[in-house]
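# Coordinates in review
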Amino acid sequence: MDLRVFDNAQQASIAAALALSQHSGKNAIFGFATGNTPRGTYAELADRGGVQCKQAFALDEYVGIDGDDPRSFAHYMRTVVEAPLDLPHGTVRVPNGLASDLNAEAASMELAILQTPVDVQLLGLGRNGHIGFNEPGSRKDTLTRVVKLAQETRLDNGADFEGLAPERAITQGIGTILRAAHLILVATGAAKKEAVHKLLEGEEDDQWPVTHLAQHPNLLLLVDRAAVD
Ligand code: GLP
């Protein structure tokens, strides 16, 4: 694991943008994350003229939310990633949370990622240690699937949903994410401290899904002081 500690979140975002842009190119396959943390990274990449890639994948999507809904991760990918980074509309594949067969949708996403392996995956971190929507209890070998969100995640992400985010989501699994050649994990702010410390301790624990990333051969962990001190 390559750990870099920055004075503030903005510096960590710039470092993530620099690391990601090194992989930019017409054949690149990216994995993009949602949440507040990577917004600074996308803004920095946009300032640098965007990125190039052949295809990209989102980590997750809420079940029951239309892709046109501003609260969906599909909307986030269009407005925070594709347009600012100058990527053609539809570059980022996002699971369809309204699919009539959600298990088939998850399996189709998994197959697509298997056939088009991700070169570099950008990741944020839930304060309970979740990665994507792999909540506590997620094993290392999990694949893309339908999951129930932890109550604290529903509350953390509830601002747009009158307090409580949807009950379920489709998420790439920990096993799916671990297949990416490079992982860039950005964690900033004191709320992420406990999860970051679990990762740094290096002991794998399903109750802290982020700990499964410790053994990845190319994990770049970018944190600010608040997340480690
Ligand atoms: C969501 C996403 C995660 C993200 C996490 C942290 O639950 N599914 O991919 O890492 O939130 O979000 P934030 O960066 O806003 O703290």
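So, here's what we can say about the structure. Please read all numbers here as calculations on a predicted model, not as lab measurements. (Residues numbered from 1 in each chain as written. Predicted model: local features only at pLDDT ≥ 70, side-chain atom pairs only at ≥ 80, totals over all residues. Heavy atoms only, no water.)

## Topic: the packing of aromatic side chains
Worth spelling out the cut-off: In this analysis, rings of Phe, Tyr and Trp, with Trp reduced to its six-membered ring, are considered paired at centre separations within 6.5 Å, and the interplanar angle assigns stacked below 30 degrees, edge-to-face beyond 60, and tilted for intermediate values. Note on conventions: DSSP H or I runs of at least 4 residues are helices, E runs of at least 2 residues are strands, and numbering of each starts at the N terminus. Burial status follows relative accessibility: with a 1.4 Å probe on protein chains alone, a residue under 20% of its type maximum counts as buried, one over 50% as exposed, and anything between as partly exposed.
Per the stated rule, a full pass over the model turns up seven aromatic pairs. Judged by centre distance (5.8 Å) and plane angle (80 degrees), the rings of F32 and Y42 are edge-to-face. Of this pair, F32 sits in strand β2 (residues 29-32) while Y42 sits in helix α2 (residues 39-47), and the two are ten residues apart along the sequence. With respect to burial, F32 and Y42 carry one shared label: buried. On the numbers, 5.8 Å between centres and 20 degrees between planes, the contact of F73 with F133 is stacked. With F73 in helix α3 (residues 73-82) and F133 in the loop between β6 (120-123) and β7 (145-148), this residue pair connects regions lying 60 residues apart in the sequence. Here F73 matches F133 in class, with each residue buried. Taken together through their ring pairs, the aromatic side chains of F30, F32, Y42 and Y76 make up a single cluster.

## A word on the pairing of strand β10 (residues 219-224)
Regular strands place side chains that alternate from one sheet face to the opposite one. Note the cut-off: Here, strands pair whenever DSSP counts at least two bridges between them.
The element β10 is extensively covered by neighbouring structure, given that six of its six residues are classed as buried. Here β10 shows no split at all, with L219, L221 and V223 on one side and L220, L222 and D224 on the other all buried. One ladder, built from five bridges, connects strand β1 (residues 2-6) with β10; its direction is parallel. Within β10, the residue paired with V5 across the bridge is V223.

## Let's talk about the side chain of Q121
To keep things clear, this is the line we draw: We call two residues in contact whenever any of their non-hydrogen atoms come within 4.5 Å of each other.
Checked against the element boundaries, Q121 lands in strand β6. Dropping the residues within four chain positions of it, Q121 is found in contact with G31, F32, L59, Q172, I177, A180, H182, L183 and I184.

## Brief notes about the pattern of salt bridges
The test is simple: A carboxyl oxygen of Asp or Glu within 4 Å of a side-chain nitrogen of Lys or Arg is what we treat as a salt bridge.
With the rule as written, the count across this model stands at ten salt bridges. Between D2 and R4 there is a salt bridge; the shortest N-O distance is 2.7 Å. Judged by relative accessible area, R4 falls into the partly exposed class, the value being 41%. Where R127 meets D156, a salt bridge forms, and the shortest distance between an N and an O atom there is 2.7 Å. One end of the pair, R127, is in the loop between β6 and β7; the other, D156, is in helix α5 (residues 151-156), and 29 residues separate them in sequence. We classify D156 as partly exposed; its relative accessible area is 40%. Because the salt bridges share partners, they merge into one network encompassing R127, E152 and D156.

## Description of the site of the ligand
Note the cut-off: Any residue with at least one heavy atom within 4 Å of a molecule or strand is counted as near it. Any pair of N or O atoms that falls within 3.5 Å is considered a polar contact. Within protein, one atom must be able to donate a hydrogen and the other to accept it, and sequence-neighbouring residues count only if both atoms are side-chain atoms. Residue exposure ignores everything except the shown protein chains as possible cover, and the areas themselves are Shrake-Rupley values with a 1.4 Å probe. Buriedness of a pocket was judged along seven lines, with at least five required to meet protein on both sides within 12 Å; pockets are open sets of points on a 1 Å grid over the protein atoms alone, cavities are sets where a 1.4 Å probe fits but cannot get out, and lining residues have an atom within 4 Å of a point. Molecule-in-pocket calls rest on the fraction of atoms, with more than half required to lie within 2 Å of the cavity or pocket grid points.
Around the ligand sit G35, N36, T37, D60, G124, L125, H130, G132, F133, N157 and K192, and those are all the residues in its vicinity. Within the contact set of the ligand, an oxygen atom lies 2.7 Å away from a backbone nitrogen or oxygen of N36. Between the ligand and the protein, one listed contact pairs an oxygen atom with a side-chain N or O atom of N157 at 3.0 Å. For the ligand, the protein covers 88% of the area, taking 390 Å² as the surface of the free molecule. According to the grid-proximity analysis, the pocket containing the ligand is the largest pocket.

## Remarks on the nonpolar core
One broad trend across soluble globular proteins is that nonpolar side chains are buried collectively. Here is the rule we go by: For the purposes of this section, nonpolar cores are sets of buried Ala, Val, Leu, Ile, Met, Phe, Trp, Tyr and Cys residues that join through side-chain atoms within 4.5 Å.
The biggest cluster of nonpolar side chains holds 61 residues, and the ones touching the most others in it are F32, Y42, I184 and L185. In terms of residues, this core owes the most to one element, helix α1 (residues 9-21), which gives six residues. Apart from residues lying up to four places away in sequence, L185 is in contact with L123, G124, L125, I131, L199, V210, L213, L219, L220, L221 and L222. Core analysis: the second largest hydrophobic core is formed by nine residues, Y62, V147, F161 and A169 among them.

## What to know about the layout of surface pockets
Unoccupied space between atoms shows up once a probe the size of one water molecule is rolled over them. Our working rule: Grid points are joined across faces, edges and corners, and a volume is the space filled by probe spheres set on the points. Amino acid classes used here: Ala, Val, Leu, Ile, Met, Phe, Trp, Tyr, Cys and Pro are nonpolar; Asp, Glu, Lys and Arg are charged; the rest, including Gly, are polar.
Put simply, the largest pocket is a space of about 830 Å³. Along the walls of the largest pocket sit 36 residues, with T34, G35, N36, F73 and N157 positioned nearest its centre. Put simply, the parts of the chain that give the lining of the largest pocket at least two residues each are β4 (60-62), α3 and α5. A total of five residues in the lining of the largest pocket trace back to one element, the largest contributor, which is α3. In terms of residue class, the lining of the largest pocket is made up of 14 nonpolar, 15 polar and seven charged. Space inside the second largest pocket adds up to approximately 240 Å³.

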